Protein chains: 2
Amino acid sequence: MTHGTRPKLLEAAFREVYERGFQAASLTEILRDTGLTKGALYHHFSCKRALGLAVVEEVVRERLESTIFRPLEEAERPIAALLKIWGDKLRLLDDDAIEHGCPLNNLIQEMSPIDPEFRTRLGAILTRWQEVLAQALRTGQVQQEIRADVNCDTTALFILAAWEGCWGIAKNQQSAPAFRQCLAQLQAYVESLRPRS
Amino acid sequence: MTHGTRPKLLEAAFREVYERGFQAASLTEILRDTGLTKGALYHHFSCKRALGLAVVEEVVRERLESTIFRPLEEAERPIAALLKIWGDKLRLLDDDAIEHGCPLNNLIQEMSPIDPEFRTRLGAILTRWQEVLAQALRTGQVQQEIRADVNCDTTALFILAAWEGCWGIAKNQQSAPAFRQCLAQLQAYVESLRPRS
DNA sequence: ACGCGGTCGTACCGACCGGTATGATAAACA
DNA sequence: TGTTTATCATACCGGTCGGTACGACCGCGT
């Protein structure tokens with residue numbers, strides 16, 4: 001059931017971690033949001049760390065799978081789909097996203113240096129993202145929308161880095177226009193990968 | 001004097017914040033590193049937040065000024081200087097930098113959403129960086145090393161975002177090659193701004 | 001009717017943190 | 001020399017945190 005106490009805890013924990021970071025996230029606050037208590041929490045999760053890792057796997061990863069990874073994999077024209085996804089993100093940009101940035105990137109920056117398990121799990125999501133992007137570029141090549149001489153793997157990595165970087169800038173500037181400006185350059189970069197007309 | 005207790009506190013605080021983030025930084029640990037006590041600390045700084053802001057202004061900003069901003073401003077051929085700075089950073093890359101990433105970016109990601117003062121100060125450094133980069137691109141244009149049709153301001157912003165993004169990826173992957181790979185693409189992007197030969 | 005395992009609430013602990021109050025010391029100045 | 005002022009040490013406080021112990025409840029099989 002999706003209305004159980006465990007999913008409720010995961011969702012509230014995601015919110016709290018998204019707003020404060022994992023280390024600063026307060027279990028008490030999560031329990032206040034859900035109306036539950038520590039007994040319920042420690043029945044489903046052995047410790048705070050386990051809760052955080054579950055958030056990574058079952059919330060962060062799942063959201064990216066459904067909103068980006070699978071749409072990109074199932075698209076017949078992946079390059080157009082990629083630009084469309086970015087466009088959607090820009091149109092649906094709310095204050096919350098501008099204020100707090102990318103959930104995955106936040107956790108990566110905070111947890112990678114101090115917890116190997118977090119680092120591995122987050123790195124797996126990053127690798128998956130990179131592979132999805134690289135595959136999109138490859139089919140873009142056979143569809144002659146991407147030049148044949150571009151290295152799809154390293155380009156995918158760079159696009160990923162630039163994407164997260166744009167989020168980081170916007171998070172400080174606290175303005176959607178700054179994010180748009182930054183992302184427009186990323187789109188221009190992808191356009192520059194097209195064959196010379 | 002540069003050997004006083006205040007600079008010693010600032011340096012130790014920078015290390016601690018760099019390794020754990022500001023919120024998780026322990027004043028006790030800083031004092032243990034310096035051999036000082038809380039009396040000394042709270043004589044020079046009114047609270048933990050003031051110490052953190054001083055670290056931003058007097059350590060983080062100053063390091064960037066001396067290693068990147070001023071060298072880029074004083075260079076006769078800024079584009080070559082930019083590529084050289086990146087090359088130096090790659091050659092002198094130590095495990096510490098790979099493990100903990102870019103100090104400025106770390107603070108931006110952690111503090112921007114939760115403290116307006118931090119956000120403003122960090123944003124000022126970011127703006128300065130952007131302007132230095134934009135100016136470098138502009139003189140690159142008059143030296144005919146950058147195409148005349150590129151928007152220097154937005155391009156500078158994008159380069160900045162990509163640069164920080166590369167650090168973020170490397171921080172998770174924990175490998176210098178990943179950073180090199182990522183940064184190579186950034187260099188390739190800058191090369192793509194050159195006039196058609 | 002009874003027991004039992006899963007589920008969750010309540011009360012509480014020990015540890016750690018940022019911050020404060022106060023005292024000791026030494027330099028600076030009269 | 002006497003006094004003030006800057007500098008730093010020591011001891012301690014209030015508060016919050018993650019985590020634990022234990023009890024209540026409830027469905028379910030027998």
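Residues numbered from 1 in each chain as written. Chains lettered and ligands numbered in written order. Predicted model: local features only at pLDDT ≥ 70, side-chain atom pairs only at ≥ 80, totals over all residues. Heavy atoms only, no water.

Chemist: Now, about the interface of chain B and chain A: what can you tell me, with residues and values included?
Modeler: At the junction of the two partners, chain B supplies 40 residues and chain A supplies 40 residues. Taken together, the two surfaces of chain B and chain A that pack against each other cover about 3300 Å², and 60% of this comes from carbon and sulfur. When the buried surface of chain B facing chain A is broken down by residue, Q109(B), F158(B) and N172(B) rank first, second and third, together holding 20% of it. If you look at where chain B meets chain A, you find 0 salt bridges. (Contact = heavy atoms within 4.5 Å. Buried area = accessible area lost by both parts, 1.4 Å probe. Salt bridge = Lys/Arg side-chain N within 4 Å of Asp/Glu carboxyl O.)

Chemist: Any chance you could break down the relation of the copies chain B and chain A for me, citing the residues and the numbers?
Modeler: Superposition of chain B onto chain A requires a rotation of 180 degrees combined with a translation of 0.0 Å along the rotation axis, giving an RMSD of 0.0 Å. Those values place the two copies in the arrangement expected of a two-fold rotation axis. Residue by residue, 100% of the interface of chain B is reproduced at the interface of chain A, so both copies engage with the same surface. (Least-squares fit on C-alpha atoms with pLDDT ≥ 70 in both.)

Chemist: Requested: an account of the packing of aromatic side chains, with residues and values cited.
Modeler: Residue and element names in this part refer to chain A. Here the structure, examined in full by the defined rule, presents 17 aromatic pairs over all chains. Summarising the aromatic geometry, the rings of F158 and Y189 are spaced 5.1 Å apart at their centres and angled 70 degrees between planes, so their arrangement reads as edge-to-face. Placement of the pair is F158 in helix α9 (residues 152-173) and Y189 in helix α10 (residues 176-191), with a sequence separation of 31 residues. With a centroid separation of 6.4 Å and 70 degrees between ring planes, the pair formed by W163 and F179 is classed as edge-to-face. Note that W163 is positioned in helix α9 and F179 in helix α10, a separation of 16 residues in sequence. Given a relative accessible area of 0%, F179 falls into the buried group. Joined through ring pairs, the aromatic side chains of W86, W163, W167 and F179 make up one cluster. Residue placement shows K48 over the ring face of F22; its charged tip is 4.9 Å from the ring centre. (Phe/Tyr/Trp six-rings, centres within 6.5 Å; stacked < 30°, edge-to-face > 60°. Helix = DSSP H or I, 4+ residues; strand = E, 2+ residues; numbered from the N terminus. Buried < 20%, exposed > 50% of the residue type's maximum accessible area, 1.4 Å probe, protein only. Lys NZ or Arg CZ within 6 Å of the ring centre and 35° of its normal.)

Chemist: Any chance you could break down the protein's contact with DNA strand D for me, citing the residues and the numbers?
Modeler: Taken together, 16 residues are adjacent to DNA strand D, and Y42(A), T5(B), T37(B), H43(B) and H44(B) come closest. For DNA strand D, the backbone portion of the atoms within 4 Å of the protein, that is sugar and phosphate, comes to 52%. One of the side-chain nitrogen or oxygen atoms of K38(A) is found 2.8 Å away from a base oxygen of DNA strand D. One nitrogen or oxygen atom from the side chain of T37(B) is found 2.6 Å from a phosphate oxygen belonging to DNA strand D. Looking at the surface near DNA strand D, the elements with two or more residues in it are α3 (38-44) of chain A together with α3 (38-44) of chain B. Among the elements that take part in the surface near DNA strand D, α3(B) stands out by supplying 5 residues, more than any other. Looking at side-chain class alone, the surface near DNA strand D contains 6 nonpolar, 7 polar and 3 charged residues. (Near = heavy atom within 4 Å. Polar contact = N/O pair within 3.5 Å; in protein donor to acceptor, adjacent residues only side chain to side chain. Nonpolar A, V, L, I, M, F, W, Y, C, P; charged D, E, K, R; others polar.)

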